[in-house]
Amino acid sequence: MADWLRDRAEDELTARSGSLPGIDVVFAQNDAMAYGAWRAFQAAGRTGIKLIGIDGLPGPMGGIDLVRKGILAATFTCPTGGKEAVAYAVDLLSKKEGIPKKIYLRPRMVTAESLKEGTPASTTAPAARAPLGRPIVLGFSQVGSESEWRVANTKSIKNAAAKAGIQLLFEDGRQRQENQIAAIRSFIERKVDIIAFSPVVESGWDEVLREAKDAGIPVILSDRAVDVKDDTLWLSFMGSDFLEEGRRAARWLVEALKGEVSVHIVELQGTIGSAPAIDRRIGFEEVIRDYPQFKIVASESGDFFKDQGYEVMKRILASGLPRVDALFAHNDDMAIGAIQALEEAGLKPGTEVKIVSIDAAHGAFMAMLAGKLNCTVECNPLLGPQLMKAIQDYMAGTDLPIRMITSEGVYTAENARRDMKGREY
Ligand code: AHR
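How each quantity is defined
Residues numbered from 1 in each chain as written. Predicted model: local features only at pLDDT ≥ 70, side-chain atom pairs only at ≥ 80, totals over all residues. Heavy atoms only, no water. Domains from an automatic or database assignment. Contact = heavy atoms within 4.5 Å. Buried area = accessible area lost by both parts, 1.4 Å probe. Salt bridge = Lys/Arg side-chain N within 4 Å of Asp/Glu carboxyl O. Polar contact = N/O pair within 3.5 Å; in protein donor to acceptor, adjacent residues only side chain to side chain. Helix = DSSP H or I, 4+ residues; strand = E, 2+ residues; numbered from the N terminus. 1 Å grid on protein atoms, 1.4 Å probe; cavity = no way out; pocket = protein on both sides within 12 Å on 5 of 7 lines; lining within 4 Å. Points joined across faces, edges and corners; volume = space filled by probe spheres on them. Nonpolar A, V, L, I, M, F, W, Y, C, P; charged D, E, K, R; others polar. Core = buried A, V, L, I, M, F, W, Y, C linked by side-chain atoms within 4.5 Å. Buried < 20%, exposed > 50% of the residue type's maximum accessible area, 1.4 Å probe, protein only.

This paragraph deals with the domain arrangement of the chain. The assigned domain composition of the chain is domain 1 (6-117), domain 2 (137-238 + 382-406) and domain 3 (242-379). Here the C-alpha centroids of domain 1 and domain 2 sit 32 Å apart. Opposite the 14 residues of domain 1 that make contact, domain 2 presents 15 residues. Of the roughly 1,300 Å² buried where domain 1 meets domain 2, counting both sides, 52% is carbon and sulfur surface. Interface area lost by domain 1 to domain 2 is led by Glu97, Tyr104 and Arg106, which between them contribute 44%. Scanning the region where domain 1 abuts domain 2 turns up 3 salt bridges. Lysine 389 is the salt-bridge partner of aspartate 91, the closest N and O atoms lying 2.7 Å from each other. Between the two partners, domain 1 and domain 2, sit 7 residue pairs in polar contact (both at pLDDT 80 or more). Mapped by element, the contributors of at least two residues to the side of domain 1 that touches domain 2 are helix H4 (82-93) and strand E4 (102-104). For the side of domain 1 that touches domain 2, the element with the most residues is E4, which contributes 3 residues.

Here it is as C-alpha coordinates:
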(Lines give C-alpha, C1' and ligand atoms only; values in the text may rest on other atoms or scores of the structure.)
Protein backbone atom coordinates (compact mmCIF):
# COMPACT_ATOMS: atom_id res chain seq x y z
CA MET A 1 0.00 0.00 0.00
CA ALA A 2 1.70 3.24 -1.03
CA ASP A 3 -1.18 5.73 -1.37
CA TRP A 4 -0.30 6.64 -4.99
CA LEU A 5 2.98 8.21 -3.69
CA ARG A 6 6.42 7.65 -5.23
CA ASP A 7 8.37 8.09 -1.99
CA ARG A 8 5.94 5.90 -0.01
CA ALA A 9 6.41 3.10 -2.55
CA GLU A 10 10.19 3.52 -2.40
CA ASP A 11 10.23 3.49 1.42
CA GLU A 12 7.92 0.46 1.71
CA LEU A 13 9.98 -1.61 -0.73
CA THR A 14 13.30 -0.47 0.76
CA ALA A 15 12.13 -1.49 4.23
CA ARG A 16 11.22 -4.96 2.91
CA SER A 17 14.03 -5.41 0.40
CA GLY A 18 15.72 -8.06 2.54
CA SER A 19 12.59 -10.18 2.83
CA LEU A 20 11.21 -9.84 -0.69
CA PRO A 21 11.19 -13.03 -2.79
CA GLY A 22 12.51 -13.08 -6.40
CA ILE A 23 10.42 -10.63 -8.38
CA ASP A 24 9.95 -10.62 -12.18
CA VAL A 25 7.24 -7.99 -12.63
CA VAL A 26 5.75 -5.21 -10.54
CA PHE A 27 2.33 -3.77 -11.42
CA ALA A 28 1.78 -0.38 -9.78
CA GLN A 29 -1.62 1.30 -9.93
CA ASN A 30 0.07 4.53 -10.97
CA ASP A 31 3.36 5.56 -12.57
CA ALA A 32 4.57 7.47 -9.49
CA MET A 33 4.56 4.32 -7.36
CA ALA A 34 6.16 2.34 -10.19
CA TYR A 35 8.96 4.90 -10.27
CA GLY A 36 9.32 4.69 -6.49
CA ALA A 37 9.62 0.90 -6.78
CA TRP A 38 12.29 1.34 -9.43
CA ARG A 39 14.30 3.65 -7.15
CA ALA A 40 14.10 1.12 -4.30
CA PHE A 41 15.24 -1.77 -6.52
CA GLN A 42 18.07 0.34 -7.95
CA ALA A 43 19.32 1.17 -4.45
CA ALA A 44 19.19 -2.53 -3.50
CA GLY A 45 21.01 -3.52 -6.68
CA ARG A 46 18.01 -5.52 -7.92
CA THR A 47 17.79 -5.18 -11.74
CA GLY A 48 15.82 -6.86 -14.51
CA ILE A 49 12.46 -6.36 -12.79
CA LYS A 50 9.78 -5.20 -15.27
CA LEU A 51 7.69 -2.29 -13.97
CA ILE A 52 4.19 -1.52 -15.27
CA GLY A 53 2.27 1.62 -14.28
CA ILE A 54 -0.87 3.57 -15.13
CA ASP A 55 -1.55 7.25 -15.96
CA GLY A 56 0.78 7.77 -18.92
CA LEU A 57 1.09 11.50 -18.32
CA PRO A 58 3.28 13.56 -20.63
CA GLY A 59 6.08 15.80 -19.36
CA PRO A 60 9.38 15.19 -17.53
CA MET A 61 9.30 11.99 -15.43
CA GLY A 62 5.67 11.43 -16.44
CA GLY A 63 4.76 7.87 -17.34
CA ILE A 64 5.56 8.37 -21.03
CA ASP A 65 8.98 9.79 -20.18
CA LEU A 66 9.64 6.91 -17.75
CA VAL A 67 8.90 4.45 -20.57
CA ARG A 68 11.11 6.40 -22.95
CA LYS A 69 13.92 6.28 -20.35
CA GLY A 70 13.49 2.50 -19.99
CA ILE A 71 12.47 2.81 -16.34
CA LEU A 72 8.96 1.48 -17.00
CA ALA A 73 8.29 -1.41 -19.36
CA ALA A 74 4.81 -0.06 -20.05
CA THR A 75 2.20 2.35 -18.85
CA PHE A 76 -1.45 2.86 -19.75
CA THR A 77 -2.95 6.30 -20.24
CA CYS A 78 -5.83 7.17 -17.94
CA PRO A 79 -7.55 10.06 -19.77
CA THR A 80 -8.60 12.76 -17.34
CA GLY A 81 -11.96 13.43 -19.05
CA GLY A 82 -11.66 17.17 -18.53
CA LYS A 83 -11.98 18.05 -22.22
CA GLU A 84 -14.95 15.72 -22.69
CA ALA A 85 -16.69 17.05 -19.57
CA VAL A 86 -16.52 20.62 -20.85
CA ALA A 87 -17.56 19.61 -24.37
CA TYR A 88 -20.61 17.68 -23.16
CA ALA A 89 -21.50 20.51 -20.75
CA VAL A 90 -21.54 22.91 -23.70
CA ASP A 91 -23.64 20.41 -25.69
CA LEU A 92 -26.10 20.13 -22.80
CA LEU A 93 -26.38 23.91 -22.48
CA SER A 94 -26.97 24.20 -26.21
CA LYS A 95 -29.62 21.46 -25.91
CA LYS A 96 -27.81 19.15 -28.36
CA GLU A 97 -29.41 15.73 -28.97
CA GLY A 98 -27.65 12.38 -28.59
CA ILE A 99 -25.67 13.06 -25.42
CA PRO A 100 -24.77 9.71 -23.76
CA LYS A 101 -25.50 9.07 -20.09
CA LYS A 102 -22.05 7.60 -19.40
CA ILE A 103 -18.83 7.45 -21.41
CA TYR A 104 -15.67 5.39 -21.09
CA LEU A 105 -12.56 7.12 -22.41
CA ARG A 106 -9.97 5.32 -24.45
CA PRO A 107 -6.90 4.15 -22.52
CA ARG A 108 -3.78 3.58 -24.63
CA MET A 109 -0.84 1.29 -23.94
CA VAL A 110 2.54 3.02 -24.09
CA THR A 111 5.67 0.93 -24.60
CA ALA A 112 9.07 1.54 -26.12
CA GLU A 113 7.75 -0.08 -29.33
CA SER A 114 4.61 2.08 -29.50
CA LEU A 115 6.70 5.20 -28.96
CA LYS A 116 9.05 4.10 -31.75
CA GLU A 117 6.01 3.46 -34.02
CA GLY A 118 4.70 6.92 -33.15
CA THR A 119 1.36 5.55 -31.86
CA PRO A 120 -0.39 8.48 -30.18
CA ALA A 121 0.10 8.06 -26.45
CA SER A 122 -2.25 10.78 -25.41
CA THR A 123 -5.92 11.02 -26.18
CA THR A 124 -5.65 14.40 -27.81
CA ALA A 125 -8.02 14.71 -30.74
CA PRO A 126 -6.63 13.61 -34.10
CA ALA A 127 -6.04 16.46 -36.49
CA ALA A 128 -9.39 17.94 -37.50
CA ARG A 129 -10.47 16.15 -40.61
CA ALA A 130 -10.79 18.40 -43.64
CA PRO A 131 -14.43 19.39 -44.20
CA LEU A 132 -15.74 17.12 -46.93
CA GLY A 133 -17.67 19.80 -48.81
CA ARG A 134 -20.37 17.15 -49.24
CA PRO A 135 -22.65 15.09 -46.95
CA ILE A 136 -20.94 12.43 -44.85
CA VAL A 137 -21.65 8.97 -46.28
CA LEU A 138 -22.51 6.37 -43.62
CA GLY A 139 -22.89 2.66 -44.32
CA PHE A 140 -25.14 1.02 -41.71
CA SER A 141 -25.67 -2.76 -41.44
CA GLN A 142 -28.67 -3.65 -39.29
CA VAL A 143 -29.35 -7.03 -37.60
CA GLY A 144 -32.80 -7.46 -39.13
CA SER A 145 -36.37 -6.72 -38.01
CA GLU A 146 -36.89 -9.39 -35.34
CA SER A 147 -38.56 -7.26 -32.68
CA GLU A 148 -40.42 -4.05 -31.85
CA TRP A 149 -37.11 -2.84 -30.50
CA ARG A 150 -35.29 -3.39 -33.77
CA VAL A 151 -38.00 -1.63 -35.76
CA ALA A 152 -37.75 1.39 -33.44
CA ASN A 153 -33.95 1.28 -33.68
CA THR A 154 -34.03 1.28 -37.50
CA LYS A 155 -36.51 4.17 -37.54
CA SER A 156 -34.29 6.15 -35.15
CA ILE A 157 -31.18 5.60 -37.29
CA LYS A 158 -32.93 6.59 -40.53
CA ASN A 159 -34.66 9.66 -39.08
CA ALA A 160 -31.53 10.91 -37.34
CA ALA A 161 -29.41 10.49 -40.49
CA ALA A 162 -31.93 12.50 -42.51
CA LYS A 163 -32.09 15.19 -39.83
CA ALA A 164 -28.28 15.40 -39.66
CA GLY A 165 -27.90 15.59 -43.44
CA ILE A 166 -25.87 12.36 -43.44
CA GLN A 167 -26.21 10.18 -46.54
CA LEU A 168 -27.26 6.75 -45.22
CA LEU A 169 -26.62 3.48 -47.04
CA PHE A 170 -28.79 1.08 -45.01
CA GLU A 171 -28.60 -2.71 -45.34
CA ASP A 172 -30.87 -5.15 -43.47
CA GLY A 173 -28.90 -8.24 -42.43
CA ARG A 174 -32.04 -10.37 -42.10
CA GLN A 175 -30.60 -12.01 -38.97
CA ARG A 176 -27.62 -13.52 -40.84
CA GLN A 177 -23.98 -12.68 -40.19
CA GLU A 178 -22.98 -13.43 -43.76
CA ASN A 179 -25.41 -10.78 -44.98
CA GLN A 180 -23.89 -8.23 -42.63
CA ILE A 181 -20.34 -9.12 -43.68
CA ALA A 182 -21.36 -8.75 -47.35
CA ALA A 183 -22.93 -5.37 -46.55
CA ILE A 184 -19.78 -4.13 -44.81
CA ARG A 185 -17.70 -5.25 -47.80
CA SER A 186 -20.04 -3.36 -50.11
CA PHE A 187 -19.61 -0.23 -47.99
CA ILE A 188 -15.81 -0.62 -48.27
CA GLU A 189 -16.07 -0.97 -52.04
CA ARG A 190 -18.27 2.12 -52.19
CA LYS A 191 -15.64 3.98 -50.09
CA VAL A 192 -18.08 5.29 -47.50
CA ASP A 193 -16.70 7.74 -44.94
CA ILE A 194 -17.70 5.65 -41.93
CA ILE A 195 -19.40 2.32 -41.17
CA ALA A 196 -21.72 1.55 -38.28
CA PHE A 197 -23.38 -1.77 -37.54
CA SER A 198 -25.26 -3.76 -34.94
CA PRO A 199 -23.58 -7.21 -35.02
CA VAL A 200 -26.05 -10.09 -34.90
CA VAL A 201 -23.52 -12.15 -32.91
CA GLU A 202 -20.32 -11.24 -31.08
CA SER A 203 -17.74 -13.36 -32.90
CA GLY A 204 -16.58 -13.79 -36.52
CA TRP A 205 -15.91 -10.15 -37.41
CA ASP A 206 -12.08 -9.96 -37.26
CA GLU A 207 -11.47 -10.41 -40.99
CA VAL A 208 -14.01 -7.95 -42.34
CA LEU A 209 -13.18 -5.34 -39.71
CA ARG A 210 -9.50 -5.71 -40.64
CA GLU A 211 -10.52 -5.03 -44.27
CA ALA A 212 -12.35 -1.87 -43.18
CA LYS A 213 -9.34 -0.73 -41.13
CA ASP A 214 -6.96 -1.41 -44.03
CA ALA A 215 -9.28 0.67 -46.23
CA GLY A 216 -9.04 3.51 -43.67
CA ILE A 217 -12.77 3.40 -42.87
CA PRO A 218 -13.61 3.75 -39.16
CA VAL A 219 -16.30 1.45 -37.72
CA ILE A 220 -18.71 2.34 -34.90
CA LEU A 221 -20.56 -0.46 -33.06
CA SER A 222 -24.22 0.41 -32.52
CA ASP A 223 -26.29 -1.46 -29.91
CA ARG A 224 -24.24 -4.66 -29.77
CA ALA A 225 -20.54 -5.38 -29.17
CA VAL A 226 -18.11 -7.66 -31.00
CA ASP A 227 -15.51 -10.05 -29.61
CA VAL A 228 -12.35 -9.43 -31.63
CA LYS A 229 -8.69 -9.88 -30.67
CA ASP A 230 -7.68 -6.40 -31.78
CA ASP A 231 -9.92 -3.72 -30.31
CA THR A 232 -8.42 -1.08 -32.59
CA LEU A 233 -10.57 -2.63 -35.33
CA TRP A 234 -13.50 -0.57 -34.12
CA LEU A 235 -13.63 3.09 -33.14
CA SER A 236 -16.34 3.24 -30.49
CA PHE A 237 -19.36 1.39 -29.05
CA MET A 238 -22.66 3.00 -28.26
CA GLY A 239 -25.62 1.31 -26.69
CA SER A 240 -26.82 -0.26 -23.48
CA ASP A 241 -25.17 -1.96 -20.55
CA PHE A 242 -26.67 -5.43 -21.12
CA LEU A 243 -25.08 -6.81 -17.97
CA GLU A 244 -26.88 -4.18 -15.90
CA GLU A 245 -30.15 -4.91 -17.70
CA GLY A 246 -29.85 -8.57 -16.63
CA ARG A 247 -29.06 -7.50 -13.06
CA ARG A 248 -32.03 -5.12 -12.99
CA ALA A 249 -34.38 -7.88 -14.16
CA ALA A 250 -33.13 -10.20 -11.43
CA ARG A 251 -33.28 -7.50 -8.74
CA TRP A 252 -36.93 -6.82 -9.58
CA LEU A 253 -37.78 -10.56 -9.49
CA VAL A 254 -35.96 -11.13 -6.20
CA GLU A 255 -37.78 -8.18 -4.65
CA ALA A 256 -41.13 -9.38 -5.99
CA LEU A 257 -40.76 -13.00 -4.78
CA LYS A 258 -38.27 -12.78 -1.90
CA GLY A 259 -40.78 -14.26 0.53
CA GLU A 260 -41.12 -17.50 -1.45
CA VAL A 261 -39.41 -20.69 -0.26
CA SER A 262 -38.46 -21.65 -3.81
CA VAL A 263 -38.88 -19.90 -7.15
CA HIS A 264 -38.68 -21.90 -10.40
CA ILE A 265 -37.66 -19.62 -13.25
CA VAL A 266 -37.92 -20.20 -17.00
CA GLU A 267 -35.47 -18.13 -19.07
CA LEU A 268 -36.11 -17.27 -22.71
CA GLN A 269 -32.73 -16.29 -24.13
CA GLY A 270 -32.15 -14.00 -27.09
CA THR A 271 -30.09 -14.90 -30.15
CA ILE A 272 -27.42 -17.41 -29.15
CA GLY A 273 -23.98 -15.78 -29.28
CA SER A 274 -25.32 -12.23 -29.35
CA ALA A 275 -24.00 -9.67 -26.86
CA PRO A 276 -27.41 -9.03 -25.25
CA ALA A 277 -28.15 -12.73 -24.76
CA ILE A 278 -24.70 -13.44 -23.31
CA ASP A 279 -24.57 -10.43 -20.98
CA ARG A 280 -28.19 -10.41 -19.84
CA ARG A 281 -27.85 -14.01 -18.70
CA ILE A 282 -24.58 -13.24 -16.89
CA GLY A 283 -26.07 -10.19 -15.17
CA PHE A 284 -29.23 -12.05 -14.15
CA GLU A 285 -27.31 -15.02 -12.71
CA GLU A 286 -24.88 -12.68 -10.89
CA VAL A 287 -27.81 -11.43 -8.77
CA ILE A 288 -29.80 -14.63 -8.20
CA ARG A 289 -26.59 -16.41 -7.15
CA ASP A 290 -27.08 -14.77 -3.72
CA TYR A 291 -30.64 -16.17 -3.45
CA PRO A 292 -30.41 -19.99 -3.62
CA GLN A 293 -34.20 -20.34 -3.54
CA PHE A 294 -34.29 -18.77 -7.05
CA LYS A 295 -33.50 -21.43 -9.65
CA ILE A 296 -33.52 -21.34 -13.46
CA VAL A 297 -35.24 -24.66 -14.23
CA ALA A 298 -35.38 -24.26 -18.03
CA SER A 299 -33.54 -21.97 -20.44
CA GLU A 300 -33.81 -21.89 -24.22
CA SER A 301 -33.38 -19.36 -27.02
CA GLY A 302 -36.37 -17.77 -28.71
CA ASP A 303 -33.98 -15.71 -30.88
CA PHE A 304 -35.74 -12.47 -29.82
CA PHE A 305 -38.81 -13.39 -31.93
CA LYS A 306 -42.38 -13.35 -30.51
CA ASP A 307 -43.48 -16.51 -32.32
CA GLN A 308 -40.40 -18.40 -31.13
CA GLY A 309 -41.07 -17.18 -27.59
CA TYR A 310 -44.50 -18.81 -27.92
CA GLU A 311 -43.16 -22.08 -29.39
CA VAL A 312 -40.31 -22.44 -26.87
CA MET A 313 -42.56 -21.68 -23.89
CA LYS A 314 -45.18 -24.12 -25.16
CA ARG A 315 -42.48 -26.82 -25.47
CA ILE A 316 -41.12 -26.12 -21.99
CA LEU A 317 -44.59 -26.25 -20.44
CA ALA A 318 -45.22 -29.58 -22.17
CA SER A 319 -41.91 -30.98 -20.92
CA GLY A 320 -43.39 -31.91 -17.55
CA LEU A 321 -41.84 -29.19 -15.38
CA PRO A 322 -43.40 -29.50 -11.90
CA ARG A 323 -44.24 -25.80 -11.94
CA VAL A 324 -43.22 -22.38 -13.29
CA ASP A 325 -43.23 -19.45 -10.86
CA ALA A 326 -41.49 -16.85 -13.01
CA LEU A 327 -40.36 -16.07 -16.53
CA PHE A 328 -37.28 -14.02 -17.42
CA ALA A 329 -37.41 -13.15 -21.13
CA HIS A 330 -34.45 -11.41 -22.78
CA ASN A 331 -36.90 -9.23 -24.69
CA ASP A 332 -40.56 -8.18 -24.60
CA ASP A 333 -41.48 -9.88 -27.88
CA MET A 334 -40.57 -13.33 -26.56
CA ALA A 335 -42.37 -12.54 -23.28
CA ILE A 336 -45.54 -11.65 -25.19
CA GLY A 337 -45.32 -14.88 -27.17
CA ALA A 338 -44.78 -16.83 -23.96
CA ILE A 339 -47.81 -15.16 -22.35
CA GLN A 340 -50.00 -16.74 -25.03
CA ALA A 341 -48.46 -20.17 -24.37
CA LEU A 342 -48.98 -19.79 -20.62
CA GLU A 343 -52.63 -18.90 -21.08
CA GLU A 344 -53.17 -21.82 -23.46
CA ALA A 345 -51.73 -24.05 -20.72
CA GLY A 346 -54.32 -22.70 -18.28
CA LEU A 347 -51.83 -20.61 -16.30
CA LYS A 348 -52.23 -16.94 -15.29
CA PRO A 349 -49.31 -14.82 -16.56
CA GLY A 350 -48.69 -11.79 -14.32
CA THR A 351 -50.21 -13.42 -11.25
CA GLU A 352 -49.45 -17.19 -10.98
CA VAL A 353 -46.36 -16.67 -13.15
CA LYS A 354 -44.46 -13.41 -12.59
CA ILE A 355 -42.89 -12.11 -15.79
CA VAL A 356 -39.95 -9.76 -16.25
CA SER A 357 -38.60 -8.92 -19.69
CA ILE A 358 -36.31 -6.38 -21.33
CA ASP A 359 -36.78 -3.53 -23.85
CA ALA A 360 -39.75 -1.52 -22.45
CA ALA A 361 -41.37 -1.49 -25.90
CA HIS A 362 -45.01 -0.52 -26.43
CA GLY A 363 -46.20 -4.15 -26.45
CA ALA A 364 -44.79 -4.63 -22.96
CA PHE A 365 -46.74 -1.65 -21.63
CA MET A 366 -49.92 -3.01 -23.17
CA ALA A 367 -49.27 -6.41 -21.55
CA MET A 368 -48.63 -4.70 -18.20
CA LEU A 369 -51.87 -2.76 -18.50
CA ALA A 370 -53.62 -6.09 -19.11
CA GLY A 371 -52.01 -7.48 -15.93
CA LYS A 372 -50.09 -10.16 -17.86
CA LEU A 373 -46.56 -8.75 -17.56
CA ASN A 374 -45.07 -7.43 -14.32
CA CYS A 375 -41.87 -5.58 -15.20
CA THR A 376 -39.90 -4.51 -18.25
CA VAL A 377 -36.30 -3.26 -18.07
CA GLU A 378 -35.62 -0.60 -20.66
CA CYS A 379 -33.12 -1.12 -23.48
CA ASN A 380 -33.14 2.16 -25.37
CA PRO A 381 -33.36 1.68 -29.17
CA LEU A 382 -33.33 5.39 -29.97
CA LEU A 383 -29.62 5.45 -30.79
CA GLY A 384 -29.93 7.45 -33.99
CA PRO A 385 -29.24 10.94 -32.61
CA GLN A 386 -26.32 9.68 -30.50
CA LEU A 387 -24.81 7.86 -33.49
CA MET A 388 -25.08 10.84 -35.80
CA LYS A 389 -23.63 13.21 -33.20
CA ALA A 390 -20.70 10.86 -32.66
CA ILE A 391 -20.10 10.67 -36.41
CA GLN A 392 -20.21 14.44 -36.81
CA ASP A 393 -17.93 14.93 -33.80
CA TYR A 394 -15.48 12.37 -35.17
CA MET A 395 -15.45 13.89 -38.64
CA ALA A 396 -14.77 17.28 -36.97
CA GLY A 397 -11.66 15.82 -35.28
CA THR A 398 -13.00 14.77 -31.85
CA ASP A 399 -11.44 11.66 -30.33
CA LEU A 400 -14.53 9.56 -29.50
CA PRO A 401 -14.93 7.77 -26.16
CA ILE A 402 -14.44 4.01 -26.44
CA ARG A 403 -17.94 3.36 -25.02
CA MET A 404 -21.04 5.56 -24.85
CA ILE A 405 -23.84 4.17 -22.69
CA THR A 406 -27.48 5.21 -23.03
CA SER A 407 -29.79 6.20 -20.21
CA GLU A 408 -32.43 3.56 -19.29
CA GLY A 409 -35.12 2.91 -16.69
CA VAL A 410 -37.16 0.05 -15.20
CA TYR A 411 -40.95 0.00 -15.62
CA THR A 412 -43.52 -1.97 -13.63
CA ALA A 413 -47.20 -2.76 -14.14
CA GLU A 414 -48.15 -0.54 -11.17
CA ASN A 415 -46.95 2.58 -13.02
CA ALA A 416 -47.43 1.48 -16.64
CA ARG A 417 -50.26 3.86 -17.50
CA ARG A 418 -48.33 6.86 -16.14
CA ASP A 419 -44.96 5.86 -17.59
CA MET A 420 -46.08 5.01 -21.12
CA LYS A 421 -47.28 8.54 -21.84
CA GLY A 422 -45.11 10.23 -24.44
CA ARG A 423 -42.87 7.23 -25.14
CA GLU A 424 -41.59 7.03 -28.72
CA TYR A 425 -41.68 3.21 -28.98
O1 AHR B 1 -29.66 -5.79 -29.15
C2 AHR B 1 -30.84 -5.41 -28.49
C3 AHR B 1 -31.84 -6.54 -28.55
O4 AHR B 1 -32.05 -6.93 -29.91
C5 AHR B 1 -33.22 -6.19 -27.99
O6 AHR B 1 -33.34 -6.39 -26.61
C7 AHR B 1 -34.10 -7.12 -28.79
O8 AHR B 1 -35.47 -6.84 -28.74
C9 AHR B 1 -33.49 -6.97 -30.16
O10 AHR B 1 -33.88 -7.97 -30.99
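This part is about empty space enclosed by the protein. The method is simple in principle: a probe with the dimensions of a water molecule rolls over the atoms, and the space it marks as empty is what remains. Throughout the structure, instances matching the rule amount to 3 cavities of 30 Å³ or more. Taken as a whole, the largest cavity spans an internal volume of roughly 90 Å³. The wall of the largest cavity is formed by 13 residues, among which Trp149, Arg150, Arg224, Phe304 and Asp359 lie closest to the centre. Contributing elements (two or more residues each) for the lining of the largest cavity: helix H6 (148-164) and helix H10 (275-288). For the lining of the largest cavity, the class distribution of residues is 5 nonpolar, 2 polar and 6 charged. Counting contributing residues, the lining of the largest cavity receives three or more from each of domain 2 (137-238 + 382-406) and domain 3 (242-379).

Attention now goes to the nonpolar core. Ranked by internal contacts, the top residues of the largest apolar core, which has 31 residues, are Val266, Leu268, Met313, Leu327, Ile355, Phe365 and Leu373. Among the elements of the structure, strand E11 (263-269), helix H11 (306-317), strand E13 (326-329), helix H12 (332-344) and helix H13 (362-369) are those that each provide at least two residues to this core. Excluding residues that lie within four positions of it along the chain, leucine 268 makes contacts with Glu300, Gly309, Val312, Leu327, Phe328, Ala329, His330, Met334 and Ala338. Core analysis: the next-biggest nonpolar cluster, separate from the first, contains 27 residues, Ile184, Trp205, Val226 and Ile402 among them.

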